[in-house]
Structure formats: structure tokens, C-alpha cells
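Coordinates in review
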Number of protein chains: 2
Amino acid sequence: MTSLRVRQKAGRRRDILAAAGELFRRDGFDRTSIEGIAERAAVAPGTVYNYFRSKGDLLLALVALDGEEIRADGKRLIARPPADPVAAVNRLLEGYVDHALVYLDKRLWRNIMATALTQAATPFGQGYAELDGKLARQVADLLAALQDRGRLPTTLRCDDAGQILFAVCNTHFMTFVAQDDMPLAAMKEAMFRHIRMVFEGLIAPAGTATPERKRPQADERREPLAT
Amino acid sequence: MTSLRVRQKAGRRRDILAAAGELFRRDGFDRTSIEGIAERAAVAPGTVYNYFRSKGDLLLALVALDGEEIRADGKRLIARPPADPVAAVNRLLEGYVDHALVYLDKRLWRNIMATALTQAATPFGQGYAELDGKLARQVADLLAALQDRGRLPTTLRCDDAGQILFAVCNTHFMTFVAQDDMPLAAMKEAMFRHIRMVFEGLIAPAGTATPERKRPQADERREPLAT
DNA sequence: CTTCAAAAATGGGTCAATTCATTTTTTGAA
DNA sequence: TTCAAAAAATGAATTGACCCATTTTTGAAG
């Protein structure tokens, strides 16, 4: 039976990844050495490379773990979405941002994004790009759900709209991460403002936009209070 | 007079930067060594570090040169903008993309963006972030010009709108750059489509502003599996 | 023309990621 | 149990970015 071998191998992989995660989070990416990771995982430095292509690969592998979690949260929201589209999208995208920052800080996110770009051709690099694609598609799914309930025009191209809204979120997140002194609240405020504008359109005069009822969305996260 | 000294120093800086640019473009960022740059610039390796903090610094310094050029092109467009806002923004943003690719290819752009993220705290890293900000502001300037001519509602927040539209452009550019096999034309097509949608808004009734759009196709991509 | 302090250049040293030839361990079969 | 092939682990060697103590060059005052 190969299962023992497979289990041991998987275990070692997990050990190395766990060690890397602890050190990356504690000391940062640059100040963590492969040798340190190997030591903590009780293997030789060379062994790390039997499981991961590079130091950056380790980092992206860590992020890939969280990716599933993020999408699960989103799926739950889509199952029972807020009636107002703006509020629903705000909530979904805010969830992405919050979740991203639970385990990984700004500094690490800079390294993650940088690595994802330089390693775009490697499996984990592609995986990262795909995660972005999946999240954009999840936004699209949310829009489609709202569309089904008559909260959005049937003519709306949900795919494209999802990409646009996710792009807004992603850009804000990147700007936030790049600037050590930008507070999360400020970033969210700008993001919510832009999400609203995308829904209403740049051409439409401000008041006209809401299609069905002129009901001024009450339950909006209009004033998200200081966090 | 110190001008001779200053001139020589500036000259050496230029030489090093020029050498770096040639080698980066010819061999790529990773395959170019500081030693190679030093040799081509006829200086010792250590001297490079008297002018630039790191290899990445050299790369960002190169991009900073082009930044001015890009904005000059945009300024010309703003002086005599197309009457239609969508066409005007399309033109401006397409200009950004085209200009970015004149001297630097996808592979190098991946390194540029990655370096800008990891070196966000250094002067050139901040300079790169500021360039993004300036370009977004230029989009805003274009919108303001159109607003002055009555082509856009006076209620439009041009600043925010500029950021949104630039975010759309930037995200597409990043996706394009990350995927070696994505053709420029495909990226532009998607970008133009999204720019139009941002102008029209996601909740606007479709008939209002979309004259020639095909019916949305049946969902070709459904959520793959319940994970 | 000297001299000297500041500026610049130098290149050998350090450190860490990555590679790879070699050794050790595991597996399934005899 | 024993054995040979395959898989995995190993750690020393390679490589290249970056640092820094030292040397060289510069500018202008005497």
C-alpha cells in the first residue's frame, strides 16, 4: 500500500507549509529564510525544494488555503442576499477585504501580490490569478441572484458587472496595502462610494438611477461607523 | 564651480540607468545582473549602489522617465477631447496602455509592478504609486473638461469617477500583463466594454443608452461545483 | 603648485536562495 | 527476510544582490 508513504509525504508538506506560515507572519517574508523554515519543520533546507519551487511558492500556497474559505463565506451571502444590490455587493466585497486581513497583514500582502505577478507562470501563480477570477465570478453570481429576484435589470451582463465591481475592490485593496498609513476605514469608505457610483452610472443624473421604486435604500451601509 | 562635478555625476547616473534599461529590455529583469549593468556602464558594481538603492530601484527609475511622457499625451487629448465621453475616456485609457507597451513588455511590467509593491516605502516606489494617482486624476480632468462642455452631468464627482475608470484600466492591464497568452486586442475589447458599462450604470434600464448590444447569452458558466 | 577634506569609486566579503550529485529510506517482489 | 529500483532527503556548492572598509578623485584654498 502506498498510503503510508503518501500520508507521510503529505504530512511533511503540511509541516513545511505550517512552519513557513508561522515565520512569515512573525518575521515577515524577507526576514524569513528557507533555512529557518527547514529548521522549524525539522527537515534539511534542500527538502523544502522537494515540495515547493521557491520561497514565493510557499507564500502563494498559504494564500491558496484561505481562498477556499473566502469563497465559502461569499456563497453563504449569496444564498440569502440583502435585497438592495448596492448593500449586497458592499457586504460581499467588504467580506473579501476583511477576510484577507484576518491572517495576513499589509506587509505580507505586498509580498503576496508581488510574488503572484513575478511567478505568474507557475502553478501557484496561476492559482492566484484564478482566485481573482473566481471571486469576480462570485460577485457576478450575487448579481445574478438579485437579477432573479427582480432587483436588477434582466439586461445586465452580470459577468462583466462582477468583473468591474471586483476590480474596484481589488484596486482599493491594493492601494490600501501599498500605503502603510492608510486606515482600513478610509479605504472602505472610498470603495463603498465607488461601488455606488458604478451602480448608478456616471451619465445618469444622480436621482434618476433607481429603476423600479424610488425607494431610497434604507438599510444601506451608508454610514459604516469608525472601526 | 561645482557644475562640472554635478554634471559628471548626473552623467554617470544616466549611463548606469541607460545600461540597465538596455539589459533589462534585452535579457529581462531576472537575467540581468548588477555586475552586467556596471560593466556596460563602465563602473564598478559597488558604484551602482551609490546612485540607486537596489536593482528594483533601477527598474522603477526607468518607468518614472516614461511617466511624464504618458501624461503629456493625455494632456493633449484633454485640450481637444472627443465630444462623446465614452469615446474620450476610451481614447485616453487606450493611450495609457499603448504607451506603457511601447518600451516595456509584459514580462518587464510584471517585474515593475511587483517591485513597486515590495518597494512601496522607497522614493521610487512612492513615485510609482503617485504616477497611478496622477493618471487617475488626469482621467478626472478629462471628465471635468467634458462636464464644462455640458457633455456630463454637473453632479458627477469627477475625482471619484476618474479613480473608478482608471481602476478598470489598471486591472485589465494587470490581468493582461500577468497572462502571457492574452492578446492586447482582447484586453482592450473587455476594457472598452467595461468603461461603457461604468458610464451607463448597472441599474440603468438597458434601452436608455445601449444602442447596439446583443442579447445576453444563456449562462455558459455556472458555478462548477458545490465545494 | 600643494594640500586636504569631502565626495565618489572600488571590489572583496557576507548572506541567502536555489541547485544538484550523492546518500538514505521506502516499496513491492522474490 | 532480502534485494533492487524508485522516491525522498540531504547539505555542500553555486550564484548574485547588497554592504562597507578602503582607496582614489575632486575642488578650492593657501
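Cut-offs applied
- Residues numbered from 1 in each chain as written.
- Chains lettered and ligands numbered in written order.
- Predicted model: local features only at pLDDT ≥ 70, side-chain atom pairs only at ≥ 80, totals over all residues.
- Heavy atoms only, no water.
- Helix = DSSP H or I, 4+ residues; strand = E, 2+ residues; numbered from the N terminus.
- Axes fitted to C-alpha atoms, helices over the stretch in contact; angles between N-to-C directions.
- Parallel < 35°, antiparallel > 145°, perpendicular 65-115°, else oblique.
- Left-handed = near helix turned anticlockwise from the far one by under 90°.
- Contact = heavy atoms within 4.5 Å.
- Nonpolar A, V, L, I, M, F, W, Y, C, P; charged D, E, K, R; others polar.
- Least-squares fit on C-alpha atoms with pLDDT ≥ 70 in both.
- Salt bridge = Lys/Arg side-chain N within 4 Å of Asp/Glu carboxyl O.

Focus on the environment of A:Leu60
Relative to the elements of secondary structure, A:Leu60 occurs in helix α4 (residues 55–79). Considered as a pair, A:Leu60 and A:Gln126 are 66 residues apart in the sequence and their alpha carbons are 10.0 Å apart.

Comments concerning the packing of helix α7 (residues 123–148) of chain B against helix α8 (residues 158–178) of chain B
All names here are of chain B. Interhelical geometry of α7 versus α8 gives an angle of 125 degrees and a closest axis separation of 7 Å. By the angle between their axes, α7 is oblique relative to α8. As α7 packs across α8, the resulting crossing turns out to be right-handed. Contacts between α7 and α8 pair Asp132, Leu135, Ala136, Val139, Ala140, Leu143, Ala144 and Gln147 from the former with Cys158, Asp159, Ala161, Gly162, Gln163, Leu165, Phe166 and Asn170 from the latter. In terms of residue class, the contact of α7 with α8 is built from 10 nonpolar, 4 polar and 2 charged.

Considerations on the relation of the copies chain B and chain A
Between the two copies, chain B and chain A, the superposition gives an RMSD of 0.1 Å; the rotation angle is 180 degrees and the shift along the axis is 0.0 Å. Taken together, the turn and the small shift mark the pair as related by a two-fold rotation axis. Closest to the rotation axis within chain B is the C-alpha of B:Gly201, separated from it by 1.6 Å.

A few points about the pattern of salt bridges
The final tally for this structure, using the stated rule, is 20 salt bridges over all chains. Of the charged contacts in the structure, one is a salt bridge between B:Arg193 and A:Asp160, with a shortest N-O distance of 2.9 Å. Placement of the pair is B:Arg193 in helix α9 (residues 184–200) and A:Asp160 in helix α8 (residues 158–178), with the two residues belonging to separate chains. Two residues, B:Glu200 and B:Arg196, come together in a salt bridge whose shortest N-O distance is 3.5 Å. With B:Glu200 and B:Arg196 both in helix α9, this residue pair falls 4 residues apart, about one helical turn. One connected set of salt bridges, linked through shared partners, spans A:Glu94, A:Asp98 and A:Lys188.

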